[in-house]
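A closer look at the structure
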Amino acid sequence: MQKLLLSIDRLSTWVGQAFSWVIVLLTLHISWEVFSRYVLNNPRAWAFDVMIMMYGTLFMMAGAYTLSKNGHVRGDVLYSFFKPRTQATLDLILYFLFFIPGVIALTFAGWEYAADSLRINEHSNITADGPPVYPFKMIIPLAGAFLLAQGIVEIVRCVICIRQGEWPSREQDVEEVDVEKLKVMVHAEDINAIAEPRK
Amino acid sequence: MTIRKELWFGFSLMAVIILVTVIFMPWSTMTSGHLGLLMLSLVVVAIMLGFPTAFTLMGMGVFFAWLSYRGVNPDVAVKHTLDLMVQRTYAVMSNDVLIAIPLFVFMGYLVERAALIEKLFKSLHLAMARVPGSLAVATIVTCAIFATATGIVGAVVTLMGLLAYPAMLKAGYNAKVGAGAITAGGCLGILIPPSVLLIVYGATAGVSVVQLYAGAFFPGLMLAALYVGYIIVLALIKPELMPPLPEAERKVVLPPLAAALAARGRNALTGLMGGFGTGRSGSAVLGQLLISLAPLVVVVSLLGTVYYSLTSPVVVDDTAGLVQAGGSFAAEENERKPEAGGLAEPKEESTGLAEPKEESTGLAEPKAESSGLTEPKGAGGGSTEPKANASPPASAAAPGTASVAAKSAAAASAKAADKPAAAVVAGPRVDAPLWFWWVAGGFVLALALLYWLWTWERLEIFKMLLGSFFPLAVLILAVLGSIVFGLSTPTDAAAGGAFGGCLLAAAYRYMALRKAPSPIGATVRELGGIIKESSFLTAKTSAMVCWLFVGSSIFSAAFALLGGQELVEKWVLSLGLTPIQFMILAQFIIFILGWPLEWTEIIVIFMPIFIPLLPKFGIDPLFFGLLVALNLQTAFLSPPVAMAAFYLKGVSPPHVTLNAIFAGMMPFMGIQVVALILLYVFPEIGLWLPKVLYGR
């Protein structure tokens, strides 16, 4: 069981990290397009469509990854002061109340939406002869499915936490504010060495 | 069980909301609009429970949308709900405003990892050594610049907490003042463009991000200036809070060459000029001399470019038609800004950047063409769509513009059609206007003062600034400038910024590794690591913001479906408020919401409720957005959820308590309120630049 959970966790992370490289592609794509448009005087009609698709794919596919790293924004006013067991109980209830219905609905609706698009072989209408849209729409059910799987892992985490009284550990990942790394970056000295000024 | 103090606050807030809802809800005569309001108050309570907000909104939205559809026709309720949901999601996925968010976030992470903050702080702190409260002032300036480039509050506060806070404490600064300066400064990135908050607001409210950026620029600078002013005044009144630095801390160590030459005279410029042939290496002296002359070169080239374009001969080419079309377009006070106004002629861009004032005349006086159109300006006419600019000839631009413009543009395009676009009829050069000579005189005076005070120490400080402050400033100004002057869309500029951030990171890594065995290989390896980390973080942050957007757009659709919006509107209008009262009420509500909620939640949930009310009171959504952005600064500094305080606490010495940090933040919160009032009383602070640039 535990192993299965971790492997889903790892899968979400892997998928999210793989898709996060899209931001590099997106940067290069737009930079090149700007260069090509203004300097080479050679704008490409499909550039805008591709831009939008890259952006949409990036954030949708990173949803499960972000969930697995507890990165979705929470209202912190009470939550951070609760005991882990209270936190887990609340989370467990709300996963069933909000998350599961919402994400299942999204996945299901997205599947029909994309299937419709595929059926009519839909192409983008932003420019004439635009690229096909159905693969992009397919991202909705795909991202929803990954999110659902990760949500189930999170639910099990809550159950473990309610049993053990503390949150099971998550796998390490790069942090936005990684104090140890930032310390190295600015060659910080030991803060405890700074004495309290005499009153 | 005793409830902790912090919990009391949240619980009482929740109780108040539920109580108000229960008391005021007309349970016996409930309409679907009331259901909408119930949903709104429930969602605030639910968010405070701490579940990821995106899914709280999504779950609630789906449930209430279904409820609403079921009230109409139970048979198709599920299908309609699903349709609504997926269409809302797809709209966020293909939103061409939000696309700038991951790019700006990526740029921020790259710049942060370029590791130039240490140099930046040191050089600014030396440069400002004589200012009262110099360390705190340098902290705020560093924060403002770095936060603007990165936009990551947590990282900026943590970094400055590691870098500036120990320095301030060691110098005998009051712990509260230092904490306030760091936390307040770190939050400036939220307001000063390019900020993500303004993109989110723009996408929610349907306001042009370009105009928001132009509008938020001066309020952001004003807030930073107020902080700095407060610090300086405080340091003058109570020097014991911020003792001046000891001589040893301020001293700039001169390199051997400068030290040797400094013995011959204090002024570096004359010293260097006389430095040739004194037995020193000629090339080293020349290098220093060139660096010293850099400000002169920049000013001269700037003035020269402006002079050249001001006095350029009377030109009758296709630009005239474009400017004409753009000008009359602006005069028409059309919502769409003069798209065709700029950019067809890229060589004018530099002028547009150098002298924004000139554009106002170009745009405001469409008749200028008859008098020869001496200034074919209009670069940065506020174009939001570069595609429109790609159409080169005037004849192509004319049909795209309004019919009013078409007539006058036709005349110009007829002229242009006579000759190829490249052909230019040159006339005699015209005289530069008087203001140019005033500006030039001012620059010359400033240069003279600069070189008169150009000591060897200042040369060293200048060199340090050159390596830290200027690259960052150039990056920010290039990104921001190309957006507000309409040279590119925010998306293009953000991508360029990310690319620039990458180059910046590469350059600084290379400088740090210069002495390593194989510097290039090591740099590439480190850069790869930086890009990898930055893109992972970007994916997480964008997913966080954009999924929140997905949730909130489903939620607000449900709210609108239930008719909650109409009820709110009816209620607010029935209060008979004046616009001022409404504005104060709205800002007060946002201020209060800033305590328990974060800015993302406030904007995506509550702005859709406020925005439709604005036209009823004749309030400009752009102006409202600027006030909201300024107001939400307080959300970061208000206890008990002030993120900034917790980040600082995490890296400060144990004797600095969280309460001391909160106490230090209070005066800065006061300044934010003052800034809010100032902006409200003098809307020109924010609206002047958009007015000049886009003629709104």
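Residues numbered from 1 in each chain as written. Chains lettered and ligands numbered in written order. Predicted model: local features only at pLDDT ≥ 70, side-chain atom pairs only at ≥ 80, totals over all residues. Heavy atoms only, no water.

1. Description of the overall build of chain B
As a reminder of what qualifies: Secondary structure elements are taken from DSSP: a helix is a run of H or I of four residues or more, a strand is a run of E of two residues or more, and numbering for both begins at the N terminus. Buried means the residue's accessible area, taken with a 1.4 Å probe over protein chains only, is under 20% of the maximum for its type, while exposed means over 50%, and partly exposed covers the values in between. Residue contacts are counted whenever heavy atoms from the two residues lie within 4.5 Å of one another. Using the Shrake-Rupley algorithm and a 1.4 Å probe, accessible areas are obtained, with residue cover drawn only from the displayed protein chains.
When its secondary structure is counted, chain B shows 34 helices and zero strands. Counting over 696 residues, chain B shows a buried share of 57%. Sequence-distant contacts, at least 24 apart, represent 78% of the contacts inside chain B between residues at least 6 apart. Carbon and sulfur atoms make up 69% of the accessible area of chain B, which totals about 27,700 Å².

2. Here we look at helix α29 (residues 599-610) of chain B
Extensive coverage of α29(B) is indicated by the burial of eleven of its twelve residues. Residues W599(B), T600(B), E601(B), I602(B), I603(B), V604(B), I605(B), F606(B), M607(B), I609(B) and F610(B) constitute the buried set of α29(B).

3. With respect to the packing of aromatic side chains
For clarity, the threshold we go by: Classification of ring pairs rests on two measures: the distance between centres of Phe, Tyr or Trp rings, Trp counted by its six-membered ring, which must be within 6.5 Å, and the angle between planes, read as stacked under 30 degrees, edge-to-face over 60 and tilted in between. Criterion for a charge above a ring: Arg CZ or Lys NZ at most 6 Å from the ring centre, at most 35 degrees from the ring normal.
Tallied over the entire structure, the rule returns 23 aromatic pairs over all chains. Three or more aromatic residues joined by ring pairs form one cluster here, namely Y95(A), F99(A), F51(B), F55(B) and W547(B). A cation sits over an aromatic face here: K137(A) above Y90(B), 4.9 Å from the ring centre.

4. A few points about the pattern of salt bridges
As a reminder of what qualifies: For this document, the term salt bridge refers to a Lys or Arg side-chain nitrogen within 4 Å of an Asp or Glu carboxyl oxygen.
By the definition in use, this model includes 15 salt bridges over all chains. Taking the shortest distance from any N to any O, the salt bridge between E460(B) and K463(B) comes out at 3.1 Å. Of this pair, E460(B) and K463(B) both sit in helix α24 (residues 456-484), three residues apart, which is roughly one turn of the helix. Judged by its relative accessible area of 23%, K463(B) is partly exposed. Linked through salt bridges whose partners overlap, the residues forming this network are E33(A), R37(A), R44(A) and D492(B).

5. Re the interface of chain A and chain B
Applicable threshold: Here the quantity called buried area is the accessible surface, traced with a 1.4 Å probe, that two parts lose on coming together, added over both. Polar contact criterion, stated in full: a pair of N or O atoms within 3.5 Å, where within protein one must be able to donate a hydrogen and the other to accept it, and residues adjacent in sequence count only if both atoms are side-chain atoms.
The interface is formed by 78 residues belonging to chain A together with 90 residues belonging to chain B. For the pair chain A and chain B, the summed buried surface comes to about 7,600 Å²; carbon and sulfur atoms form 77% of the total. Taken as a group, Y55(A), V73(A) and F81(A) account for 10% of the area that chain A buries against chain B, more than any other trio of residues on that side. The interface formed by chain A and chain B contains one salt bridge. Among the ionic pairs, R37(A) bridges to D492(B), the shortest N-O distance being 3.1 Å. In this assembly, chain A and chain B are joined by six residue pairs in polar contact (both at pLDDT 80 or more). Breaking the side of chain A that touches chain B down by element, the ones donating at least two residues are α1 (2-20), α2 (22-38), α3 (47-61), α4 (63-68), α5 (76-79), α6 (84-119), α7 (134-164) and α8 (179-185) of chain A.

6. Focus: unusual backbone geometry
In this model, P193(B) is joined to P194(B) through a cis peptide bond whose omega is -5°. Looking at the secondary structure, you find P194(B) in the loop between α10 (188-191) and α11 (196-205). One non-glycine residue, N41(A), lies in positive phi territory at about 55°. Here N41(A) is to be found in the loop between α2 and α3. Backbone geometry at N121(A) places phi at a positive 50°, although glycine is not the residue there. Inspection of the secondary structure assignment puts N121(A) in the loop between α6 and α7. For N121(A), a relative accessible area of 43% puts it in the partly exposed group.

7. A short note on helix α16 (residues 282-310) of chain B
Residues and elements named next belong to chain B. What counts is decided by this rule: By this rule, a helix spans an expected 1.5 Å times one less than how many residues it contains. Bend angle per residue: angle between axes fitted to the 7 residues ending at that residue and the 7 residues starting there.
Taking 1.5 Å per residue as the helical rise, α16 with its 29 residues ought to reach 42 Å, and the 40 Å between its terminal C-alpha atoms agrees with that figure. The sharpest bend along α16 measures roughly 45° and falls at L293, with the proline P295 sitting one to four residues further on. Of all the residues in α16, the buried ones are V285, Q288, L289, S292, P295, V299, L303, V306, S309 and L310.

8. Notes on a nonpolar patch on the surface
What counts is decided by this rule: Patch membership requires more than 30% relative accessible area and the absence of a salt bridge. Residues of like charge join within 9 Å; the nonpolar side chains Val, Leu, Ile, Met, Phe, Trp and Tyr join within 5 Å.
A grouping of W32(A), F35(A), Y38(A), V39(A) and L40(A) is seen on the molecular surface, where their side chains present a nonpolar patch of about 490 Å² in accessible area. Inspection of the secondary structure assignment puts V39(A) in the loop between α2 and α3.

9. A look at the nonpolar core
One broad trend across soluble globular proteins is that nonpolar side chains are buried collectively. What counts here: Residues enter a nonpolar core if they are buried and are Ala, Val, Leu, Ile, Met, Phe, Trp, Tyr or Cys, with the set joined through side-chain atoms within 4.5 Å.
Formed by 260 residues in total, the largest nonpolar core has its most connected members in W547(B) and F624(B). At 20 residues, helix α26 (residues 519-562) of chain B tops the list of elements feeding residues into this core. Leave out the neighbours within four places in its chain, and W547(B) touches F59(A), M60(A), G63(A), H72(A), L106(A), L147(A), A54(B), F55(B), M58(B) and S542(B). Grouped together as the second largest cluster of nonpolar side chains are 21 residues, A258(B), L269(B), L303(B) and L459(B) included.

10. Structural notes on the side chain of T541(B)
Inspection of the secondary structure puts T541(B) in helix α26. Leave out the neighbours within four places in its chain, and T541(B) touches E176(A), V105(B) and Y109(B).

11. A short note on the environment of E175(A)
Of note, E175(A) is situated in the loop between α7 and α8. Judged by relative accessible area, E175(A) falls into the partly exposed class, the value being 42%. Beyond its immediate stretch of four places on either side in the chain, E175(A) contacts R113(B) and L537(B).

12. Focus: the packing of α1(A) against α7(A)
In a pair of packed helices, the angle between the axes and the distance between the axes together describe the arrangement. All names here are of chain A. What counts here: Each axis is a line fitted through C-alpha atoms, taken for helices only over the stretch in contact, and angles between the N-to-C directions span 0 to 180 degrees. What sets the label is the angle itself: under 35 degrees gives roughly parallel, over 145 gives roughly antiparallel, 65 to 115 gives roughly perpendicular, and the rest give oblique. In this scheme the handedness of a crossing depends on how the near helix is turned from the far one: anticlockwise by less than a right angle means left-handed, clockwise means right-handed. Classification convention: Asp, Glu, Lys, Arg as charged; Ala, Val, Leu, Ile, Met, Phe, Trp, Tyr, Cys, Pro as nonpolar; all other residues, Gly among them, as polar.
Across the interface, α1 lies against α7 with an axial gap of 10 Å and an inter-helix angle of 140°. With respect to their mutual orientation, α1 and α7 come out oblique. You can see that α1 and α7 cross each other, and the crossing is left-handed. Touching Q2, L5, I8, D9, L11, S12 and V15 of α1 are F146, A149, Q150, V153, V156, R157 and I160, all from α7. For the contact of α1 with α7, the per-class residue count stands at nine nonpolar, three polar and two charged.

13. Re the packing of α2(A) against helix α5 (residues 100-113) of chain B
Contact pair α2(A) / α5(B): the axes reach a minimum separation of 10 Å and the direction vectors enclose 100°. It follows that α2(A) is roughly perpendicular to α5(B) by the angle criterion. Contacts between α2(A) and α5(B) involve I23(A), V24(A), L26(A), T27(A) and I30(A) from the former and P102(B), L103(B) and F106(B) from the latter.

14. So, the confidence of the model for chain B
Using the following cut-off: What pLDDT conveys is the predictor's confidence in a given residue, as a value from 0 to 100.
Mean pLDDT over chain B: 77, with 80% of residues reaching 70 or higher. For this predicted complex, the interface score ipTM comes out at 0.92, while the overall pTM is 0.81.

15. A closer look at the environment of V131(B)
Residues and elements named next belong to chain B. Here V131 shows up in the loop between α6 (117-127) and α7 (134-150). Between the C-alpha atom of V131 and that of P490, which follows or precedes it by 359 residues, the distance is 37 Å. If near-sequence neighbours (up to four positions away) are discounted, V131 is found in contact with V137 and I232.

16. Structural notes on the state of the cysteines
Between two cysteines, a covalent bond joining their sulfur atoms is known as a disulfide. Put simply, the test is: The term disulfide is used for any two cysteine sulfur atoms that are within 2.5 Å.
In this structure the tally under the stated criterion is zero disulfides over all chains. Left unpaired, C158(A) is separated from the closest cysteine sulfur, that of C161(A), by 7.2 Å.

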